[in-house]
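Read off the chains here:
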Amino acid sequence: MAIENILVLTGAGISAESGVATFRGPGGLWEGHRVEDVCTPEALARDPDTVHRFYDARRAALAGVEPNAAHRALARLDDEWPGELLIVTQNVDDLHERAGATRLLHMHGELLSALCAGCGKKHIWRKSLPPMAECSACGQAMLRPDIVFFGEIPREMERIEAALSACDLFVSIGTSGAVYPAAGFVRTARHYDARTLELNLDPSEGSFLFDESRMGPAGALVPTWVDAVLEER
C-alpha cells in the first residue's frame, strides 16, 4: 500500500535524549510531592504557589536543552513530505518547533504558554507565571499554565481522530504506551487499516499491537526511518 498520509505520535522518550527531565522524576516525586498532587485542577485551587513553581522550574529548564537528531529528522519530514502529515506530541516542550516542525499539535499543552481560565485566551509566556496573573484580553486574574492536567481532556481530539482515520501510516516514537488516550491511537489506526510502526528505546506496553517495532535511541532510529520513507515516496 502506498503511503500518502502520516501521523506521528511523540512522547517523553524523544525529548529525554535532549536532556529534558521526564514528567515523573526518580521515585515519581517532585520536592516531596507526588506529581499528581501538582498537576490537577484541584491542586491548582488548593496550592497555586506550588503548582506554579513546578511549571516555572520546567519552563526555565528549557533554556538549557536543544533539539536532537530525532527532532531535526521529523522537521525534515515535515518540510519534504508531499502528503498529509501531522506530528502529535504528548510533550509540552518546544523542541519540535525549534527544530523547524510546523505541522504539529501539542495534545497536552505547552510550557511556553499561559491560559486564561476565564476567557480561554492563550498567551505566549517565557518567564515565571505568578498565581493570579492578569489576562490582558479580559482583565481577569485567572492565568494558569497552559497544560492539560490529570482529569482534563487533551487538546484537539477531534482533529487527532480525523487524522488517525485518514492516515496510511501511524508511527509512535518514544512513548510508554501507558497514558490514554494516546496509548489507544495505535488501535484506532489499525481499525482504519493503517500500517503501524513503533520506534522506542524499549518495548511499550502496547508494543504487541504494532506491525513493526524497532528498538533503540530515537536519535538514531528516527533519522534512519525518515531517510527511508522519503526515498520511497
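Below: a short report on this structure. Residue numbers here run from 1 along each chain, matching the order of that chain's written sequence. Only residues with pLDDT of at least 70 get local features here, since the model is predicted, and only at 80 or more are side-chain atom pairs given and counted; chain-wide, interface and lining totals rely on the full set of residues. Excluded from the side-chain calculation are hydrogens and water; included are all heavy atoms of the structure.

1. Section: the environment of V51
- A run of DSSP states H or I qualifies as a helix once it reaches four residues; a run of E qualifies as a strand once it reaches two. Both are numbered from the N-terminal end. For V51, the position within the fold is in helix α3 (residues 48–61).
- For the pair formed by V51 and L199, sequence separation is 148 residues and the distance between their alpha carbons is 33 Å.
- Among residues more than four places away in sequence, those in contact with V51 are V38, A43, L44 and F149. Whether two residues are in contact is decided by their heavy atoms: any pair within 4.5 Å suffices.

2. Focus: the state of the cysteines
- Pairs of cysteine sulfur atoms within 2.5 Å are what we label disulfides. According to the stated counting rule, one finds zero disulfides in the structure shown.
- Its sulfur unpaired, C116 is 3.7 Å from the next cysteine sulfur, which belongs to C138.
- Buried residues are those whose accessible area, probed at 1.4 Å on protein chains only, stays under 20% of the maximum for their type, while exposed residues exceed 50% and partly exposed ones sit between those limits. You can call C116 buried: its relative accessible area is 2%.

3. Quick notes on the pairing of strand β1 (residues 6–10)
- Among the five residues of β1, five are classified as buried, and the element is accordingly described as predominantly covered.
- With five bridges connecting them, β1 and strand β4 (residues 85–89) associate as parallel partners. By the bridge assignment for β4, L7 is matched with L86. A pair of strands is labelled paired if DSSP reports no fewer than 2 bridges between them.

4. As for the nonpolar core
- Grouped together as the largest cluster of nonpolar side chains are 25 residues, with contacts concentrated most on I6, V8, L74, L77, I173, V222 and W225.
- Those elements giving two or more residues to this core turn out to be β1, α4 (69–80), β4, β9 (169–173), β10 (195–200) and α8 (218–232).
- At seven residues, the largest contribution of residues to this core is made by α8.
- Definition used in this section: a nonpolar core is a set of buried Ala, Val, Leu, Ile, Met, Phe, Trp, Tyr and Cys residues joined via side-chain atoms within 4.5 Å. With 19 residues, the next largest nonpolar core counts L9, F170, V186 and A194 among its residues.

5. So, the environment of E4
- Within the secondary structure layout, E4 lies in the segment before β1.
- For E4 and L85, which are 81 residues apart along the polypeptide, the C-alpha to C-alpha distance reads 8.6 Å.
- If we ignore the near neighbours within four places in the chain, the residues touching E4 are W81, G83, E84 and D168.

Function cannot be read off these values alone, since they describe shape.
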